[in-house]
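Here's the letter readout for the chains.
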Amino acid sequence: MRRASSALLCLALLLILAGCAPQARTATVFAMDTVMELTAYGDKACVDEAVSLIHALEARLSVTAADSDIARVNSSGGGEIDPETAALLKRALELCKLTGGALDVTVYPLVRAWGFTTGAYRVPGDDEIGALLEKVDYAAVRVEETAVSLPAGAMLDLGAVAKGWTGDEIAALWREAGVKSGLINLGGNVQTVGGKPDGSDWVVGIRDPFSEDVMGAVSVRDLAVVTSGGYQRYFEQDGVRWCHIIDPVTGRPADKGLASVTVIGPEGVLCDGLSTALYVMGPEAAVRLWRENAGFDLVLVTAGGEVTVTEGLEGRFTPMGAYTDKEIKVMRRG
Ligand code: AMP
Ligand code: MG
C-alpha cells in the first residue's frame, strides 16, 4: 500500500515536472538570403511572433525589395523611413565611425557593381571602381528623426548589420515574453537567450573557413556569436576568389589576411557590424580595435589558418577537428 502510494507520488511529481518544463518551439524561415532556425522554450506564440518580425524587418531593410525603406531612399536620394529603420541606421552609422569607415553603409554602389545582391558577378574596371568610390561616404548621410537624405548617387546597404539587429529584436521580444531559454540562428549570426533549458551554457559552433567542418565552439549565455568570412559568399574569376565584403578604401573585395572573424558580445548589431568591419581591417587592426573597446571578444582565423582568441574567451572556446592540435594564441588587454 505504502509502495503503491509512493509510486503514485512519483508519477504525479513527474507529470508536474513535465508540465512545468517548457516545450521546445521551433521554426525554420528563409529570409535575408539565409536559412534561419529559431528555437524557444516556452509558448508557441513567441516563435510565431519572431517569424513575423523577421519578415517585417526584411520588408523594410532589404536593399533589393522594391518598396523597402532602403530601396526607396536609394532610388530617390532620401525620404521618410520607419522609426525602427532609422534607429538601426543611426546605430550603424556609429559603428561606421567606430571602425574608421571599414564598415560603411554607403558601399552599396560597389557591392552592386561586383554583382553581389544581383547575382551578375563581374570584376569592374579600375575607372568604374574609382567613379563609384566617390559615392561612398557614410559621414555624408543625414538622419534627422525619421528623415534621411543622401548625397547624389549615394546608396545605403544595411546588409552588414541587419541580421545582428534582427537577432537582438527577437531576443528582446522573447525576454519580454518570459522565455528563459532560446537559440536564434540566422546563418552566421547566432543570438542566445539565457542558457540551455537544463541550465548549462549554449555551445555555438564556429565554421572552419577552409572546410565544411567546425573549427571550434564557444559556450555562451545571453550573447550573440557572429561570424563574417570570405567563404560565406564569393565568386571566382580567372583563378581569383572575390568575396562579398568590400574594402571601402580600395572598392575591391577585402583581402587583409583574415579568413574569418567571429565577434561575441551581448549586442548582436555591434557584433555583426564589427565582424564585417574587422574582416576588412585585418588581424592587427582588429586586435587594436578590441584593445581600445570593451563589450566583445574575438575569434580570428587568418588566411594562413592561425587562430587568435581574446582573453574573455579563455575557458569558453574549444578548438575542434583539424584545430584541436593547433596553437591557439590568446590576446590580452594588459
Ligand atoms: P556580413 O555578412 O555581415 O559580413 O555583411 C556583408 C554584407 O554587407 C555584404 O553582402 C554587403 O551587402 C554589405 N557590405 C559589404 N562590404 C561592406 C562594408 N565594408 N561595409 C558595410 N557593408 C558592407
Ligand atoms: Mg556583419
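Here the structure is a predicted model, which is why all the values come from computation and not from measurement. Residue numbering note: each chain is counted from 1, following its sequence as written. The naming scheme follows written order: chains are lettered A onward, ligands numbered 1 onward. Since the coordinates come from a predicted model, pLDDT governs what is reported: local features require at least 70, and pairs of side-chain atoms require 80 or more to be given and counted, while whole-chain, interface and lining totals use all residues. The basis for every side-chain value is the complete set of non-hydrogen atoms in the structure, without hydrogens or water.

> How should the nonpolar core be read in this particular structure?
Here is a general trend for soluble globular proteins: nonpolar side chains tend to be buried in one another's company. For our purposes a nonpolar core is just a set of buried Ala, Val, Leu, Ile, Met, Phe, Trp, Tyr and Cys residues, chained together by side-chain atoms within 4.5 Å. The buried label goes to any residue with under 20% of its type's maximum accessible area, the exposed label to any with over 50%, and the partly exposed label to all in between, with areas taken from a 1.4 Å probe on protein chains only. Grouped together as the largest cluster of nonpolar side chains are 86 residues, with contacts concentrated most on Leu-89, Val-105, Val-148, Leu-156, Leu-158, Trp-174 and Leu-278. Numbering goes from the N terminus for both helices and strands, where a helix is a DSSP run of H or I of at least four residues and a strand is a run of E of at least two. Ranked by residues supplied to this core, first place goes to helix α8 (residues 268–281) with nine residues.

> Would you mind showing me how to read the pattern of salt bridges here?
Note that side chains of opposite charge can pair when their charged atoms are close. The rule for a salt bridge is simple: a side-chain nitrogen of Lys or Arg has to be within 4 Å of a carboxyl oxygen of Asp or Glu. Under the criterion given, the structure shown has 16 salt bridges. Residues Arg-91 and Glu-267 are paired through a salt bridge, measuring 2.8 Å at the closest nitrogen-oxygen approach. One end of the pair, Arg-91, is in helix α4 (residues 83–98); the other, Glu-267, is in the loop between β15 (258–265) and α8, and 176 residues separate them in sequence. The residue Arg-252 makes a salt bridge to Asp-126 at a minimum N-O spacing of 2.6 Å.

> So what exactly am I meant to see when it comes to the sheet that holds strand β8 (residues 202–207) here?
Backbone hydrogen bonds hold the strands of a sheet together, and the pairing may be parallel or antiparallel. The pairing criterion for strands is at least two bridges between them, as found by DSSP. Pairing is antiparallel across the open sheet formed by three strands, whose spatial order is β8-β9-β18. Of all strands in the sheet, those with a lone pairing partner are β8 and β18 (317–319), marking the two edges. Averaged over all pairs of adjacent strands, the angle between strand axes in this sheet comes to 25°, irrespective of strand direction. Both strand β9 (residues 214–220) and β18 contribute to a ladder of three bridges, which runs antiparallel. For Val-218, the partnering residue across the bridge sits in β18 and is Phe-317. Axis definition: a line fitted to C-alpha atoms, over the contacting stretch in the case of helices. Angles run 0 to 180 degrees between N-to-C directions.

> When you look at the pairing of strand β1 (residues 24–31) in this model, what are you seeing that I'm missing?
Within a regular beta strand, the side chains point alternately toward one face of the sheet and then the other, so they alternate between its two faces. Inspection of the sheet shows β1 paired to strand β2 (residues 34–41) by eight bridges, in the antiparallel sense. When the sheet's bridge partners are listed, Ala-24 is paired in β2 with Tyr-41.

> Is there a simple way to think about the site of ligand 1 in this case?
If a single non-hydrogen atom of a residue is within 4 Å of a molecule or strand, that residue counts as near it. Around ligand 1, 15 residues are found, and the nearest of them are Asp-104, Asp-157, Ser-228, Ile-246 and Thr-276. Counted as a polar contact is a pair of N or O atoms within 3.5 Å, where, for protein atoms, one must be capable of donating a hydrogen and the other of accepting one, and residues adjacent in sequence contribute only when both atoms are in side chains. One of the side-chain nitrogen or oxygen atoms of His-244 is found 3.4 Å away from an oxygen atom of ligand 1. Separating an oxygen atom of ligand 1 from a side-chain N or O atom of Thr-276 is a distance of 2.7 Å. Considered on its own, ligand 1 offers 500 Å² of accessible surface; in the complex 92% of this is hidden by protein. All amino acids are sorted into three groups, where Ala, Val, Leu, Ile, Met, Phe, Trp, Tyr, Cys and Pro are nonpolar, Asp, Glu, Lys and Arg are charged, and the leftover types, Gly among them, are polar. Split into classes, the residues belonging to the shell around ligand 1 amount to eight nonpolar, four polar and three charged. Per-residue accessibility takes into account occlusion by the displayed protein chains alone, with areas from the Shrake-Rupley method and a 1.4 Å probe.

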